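Here are the chains, one letter per residue:
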Amino acid sequence: ILIELLRHRLHNVEPANLVPAALRGLLATLGRLIGPALLGFTLLMPVIFYDQRYILDLGILVLTYVMLGWGLNIVVGLAGLLDLGYVAFYAVGAYSYALLASNDVVKDFMAELIGPWFWPAWGFWMCLPVSGILAAFWGIILGFPVLRLRGDYLAIVTLAFGEIIRLVLINWVDVTGGYAGISGIPRPSFFGLPFNATDEGFAARFGLEFSPLHRTIFLFYLILALALLTNLVTMRLRRLPVGRAWEALREDEIACRSLGINTTNTKLTAFAIG
């Protein structure tokens, strides 16, 4: 097939005509099956590699960056905004979660800020959405000064923002712990059930033999569910008016503005939702 493609390159022959219909059908079938097959393998990974902690931890890390890639696709892929400092939002969310879960000073500040709406038991399921909201808030803060920038100028500003966040996290030792990081972060629980050997733990409640791997498996399936949710939301947003506005902004900002689309709000929503 490759030889025929090269031979007929100058004769304006469609490449699809050189591939037999049966082979094209087979390739199409394989293309439809590869997604469900990979998803099925991912679901079975904790079963296949139950005793291999390294592979499970690596799978959690891979799925985390898969989810980050879907978020980055909103900013760069759909809206066409070259954001080289996207990892800074990830850092803001991660450190926000760590501080909310472990720092008493931050908890007291949030209690005064929120007042009667404050939830005193800042567990895993409370810190997770709050830290995501704070990361989105920083996305809006970054979006304001770069509204008039495009292309390389936008890339330089976002890259500088990411570097500023990195330097702040390293040098603000009293809050972030510097290179040592933040210790004493409470472990996540299964809707209030801790993963320990007590009678109130996850294993005892479901009649299982206690194993420290239960928490790792729980994190694996949790991040897998969040990655699939991010994928679903991204595809749905692409079909909504805001997704069409992102694609119009990516193709031509001047034409997008001439059509009556508010480019300011469009850029801010891309940064925040991403």
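Structural notes, computed from the coordinates. All of these numbers come straight from a predicted model, not from anything done at the bench.

## A word on the overall build of the protein
Okay, step 1: Each helix and strand in the protein was counted, giving 14 helices and 0 strands.
Okay, step 2: For the protein, the sequential pattern of α-helices and β-strands runs α-α-α-α-α-α-α-α-α-α-α-α-α-α.
Okay, step 3: Considering the protein as a whole, with its 274 residues, one finds that 33% of them fall into the buried category.
Okay, step 4: In the protein, the share of contacts with a sequence separation of at least 24, taken over all contacts with a separation of at least 6, comes to 63%.

## Re the pattern of salt bridges
Okay, step 1: One pass over the structure, following the stated rule, counts 7 salt bridges.
Okay, step 2: When the shortest N-O distance is used, the salt bridge between R53 and D57 registers 3.0 Å. Separated by 4 residues within a single helix, R53 and D57 lie in helix 4 (residues 53-78), roughly one turn from each other.
Okay, step 3: R53 sits in the partly exposed class, given a relative accessible area of 38%.
Okay, step 4: A residue is classified by how much of its surface remains accessible, and D57, at 33% relative accessible area, is partly exposed.
Okay, step 5: Between K267 and E253 there is a salt bridge, and its shortest N-O distance comes to 3.3 Å. On the criterion of sequence distance, the pair formed by K267 in helix 14 (residues 263-273) and E253 in helix 13 (residues 253-258) is long-range, its members being 14 residues apart.

## Digging into a nonpolar patch on the surface
Okay, step 1: Residues L39, F41, L43, L44, V47, I48, Y221 and L228 make up a contiguous nonpolar surface patch of about 700 Å² in total accessible area.
Okay, step 2: Taken together, the elements giving at least two residues each to the nonpolar patch come down to helix 3 (21-48) and helix 11 (213-239).
Okay, step 3: A per-element tally of the nonpolar patch places helix 3 first, with 6 residues.
Okay, step 4: Within the secondary structure layout, L44 lies in helix 3.

## Section: helix 12 (residues 241-251)
Okay, step 1: Taken residue by residue, helix 12 has G243, A245, W246, E247 and L249 as its buried positions.
Okay, step 2: Buried residues along helix 12 sit against helix 4, helix 11, helix 13 and helix 14.

## Concerning the side chain of E253
Okay, step 1: Accessibility expressed as a relative area gives 11% for E253, which makes it buried.
Okay, step 2: At 3.3 Å, the side chain of E253 and the side chain of K267 are in polar contact.
Okay, step 3: What E253 contacts, discounting residues up to four positions off in sequence, is L147, R150, A248, T263 and K267.

## So, the packing of helix 11 against helix 12
Okay, step 1: Across the interface, helix 11 lies against helix 12 with an axial gap of 4 Å and an inter-helix angle of 80°. Considered as vectors, helix 11 and helix 12 are oriented roughly perpendicular to each other. Of the residues in helix 12, those in contact with L237, R238 and R239 of helix 11 are P241, V242, G243, R244, W246 and E247.
Okay, step 2: Looking at the contact of helix 11 with helix 12 residue by residue, the classes come out as 4 nonpolar, 1 polar and 4 charged.

## Examining the packing of helix 5 (residues 87-102) against helix 7 (residues 124-143)
Okay, step 1: Where helix 5 contacts helix 7, the two axes come as close as 8 Å, and the packing angle between them is 140°. Taken together, the axis directions place helix 5 and helix 7 in an arrangement best described as oblique. Helix 7 is crossed by helix 5, and the crossing has right-handed handedness. The segment helix 5 lies against helix 7, with F89, V92, G93, S96, Y97, L100 and A101 engaging F124, C127, L128, V130, S131, L134, A135, W138, G139 and L142.
Okay, step 2: Considering only residue class, the contact of helix 5 with helix 7 consists of 13 nonpolar, 4 polar and no charged.

Each value, and the rule that gives it
Residues numbered from 1 in each chain as written. Predicted model: local features only at pLDDT ≥ 70, side-chain atom pairs only at ≥ 80, totals over all residues. Heavy atoms only, no water. Helix = DSSP H or I, 4+ residues; strand = E, 2+ residues; numbered from the N terminus. Buried < 20%, exposed > 50% of the residue type's maximum accessible area, 1.4 Å probe, protein only. Contact = heavy atoms within 4.5 Å. Salt bridge = Lys/Arg side-chain N within 4 Å of Asp/Glu carboxyl O. Patch = residues over 30% accessible without salt bridge, like charges linked within 9 Å, V, L, I, M, F, W, Y side chains within 5 Å. Areas by Shrake-Rupley, 256 points an atom, 1.4 Å probe, with all protein chains shown as cover. Polar contact = N/O pair within 3.5 Å; in protein donor to acceptor, adjacent residues only side chain to side chain. Axes fitted to C-alpha atoms, helices over the stretch in contact; angles between N-to-C directions. Parallel < 35°, antiparallel > 145°, perpendicular 65-115°, else oblique. Nonpolar A, V, L, I, M, F, W, Y, C, P; charged D, E, K, R; others polar. Left-handed = near helix turned anticlockwise from the far one by under 90°.

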